[in-house]
Amino acid sequence: MSTVPFTVQSTGTGVAQEITVLGDNAHVFHADTYPAFGGADAAPSPLAYSLGALTSCNQVTAQVVAKELGVTLGEFSLSARGDLDPSVMVGGADGNANFSAVTVDATVQTDADAETFDRLVAEVDRRCPVTQLFRRSGLAFTSEWKPLPL
């Protein structure tokens, strides 16, 4: 399989940006941040987008894996929490500007038996590109998945 490029371009002033996802169907979204970081809180922060990318990528990857396993997935409920000490970014302190920990909680309706569901979750963890970005960054990463009847 060949590499698939993902490209964005952005423009902005201060801490606010307009980001365009390039491609046949260009998408535009905006980013800002909380007033404590110099923003107006007029759009989600880059950190919120990163957590949203994590939950969304988990759902997309789960659909890909479920198809391969021959199981059906229904409604998802996902949440992600990132714990951040802003003293490095905002105050210039020594240390790691990354989240110290990220937790994903997921529930999904499925017809998978327990063994197949465990395999699905393990494959999502292994194959989700955004999960791997977080895991390989060295932060404390936890992910808890629960099945619900379809």
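Residues numbered from 1 in each chain as written. Predicted model: local features only at pLDDT ≥ 70, side-chain atom pairs only at ≥ 80, totals over all residues. Heavy atoms only, no water.

## Digging into the overall build of the chain
How we decide: Helix and strand labels come from DSSP, where a helix needs a run of H or I of at least four residues and a strand needs a run of E of at least two; each type is numbered from the N terminus. When accessible area is computed with a 1.4 Å probe and restricted to protein chains, residues below 20% of their type maximum are described as buried, those above 50% as exposed, and intermediate ones as partly exposed. Using a 1.4 Å probe, the Shrake-Rupley method yields the accessible areas, and only the shown protein chains count as cover for residues.
Scanning the chain for helices and strands turns up 4 helices and 6 strands. From first element to last, N terminus to C terminus, the chain shows the α and β order β-β-β-α-β-α-β-α-α-β. Dimensions of the chain, computed from the C-alpha atoms along their principal axes, are close to 50 × 40 × 30 Å. A total of 150 residues make up the chain; the buried ones form 26% of that total. For the chain, the accessible surface area stands at approximately 9,600 Å², while carbon and sulfur atoms represent 54% of it.

## Focus on the pairing of strand β3 (residues 27-31)
Spelled out, the test is: A pair of strands counts as paired when DSSP detects no fewer than two bridges linking them.
Relative to β3, strand β2 (residues 16-21) runs antiparallel, the two sharing 5 bridges. Across the sheet, residue Q17 finds its bridge partner in β3, namely A31.

## A short note on the layout of surface pockets
Applied cut-off: Site definitions follow a grid-based scheme: protein atoms alone, a 1 Å grid, a 1.4 Å probe that fits but cannot get out for cavities, and for pockets an open set with protein on both sides within 12 Å along at least five of seven lines, plus lining residues having an atom within 4 Å of a point. Grid points are joined across faces, edges and corners, and a volume is the space filled by probe spheres set on the points.
In this model, the largest pocket occupies a volume close to 780 Å³. F6, V21, A53, C57 and V130 are, among the 19 residues lining the largest pocket, the residues nearest its centre. Of all the elements in the fold, those that place two or more residues in the lining of the largest pocket are α1 (46-69) and α4 (129-136). With 8 residues, α1 is the largest single contributor of residues to the lining of the largest pocket. Computed from the structure, the second largest pocket encloses a volume of approximately 240 Å³.

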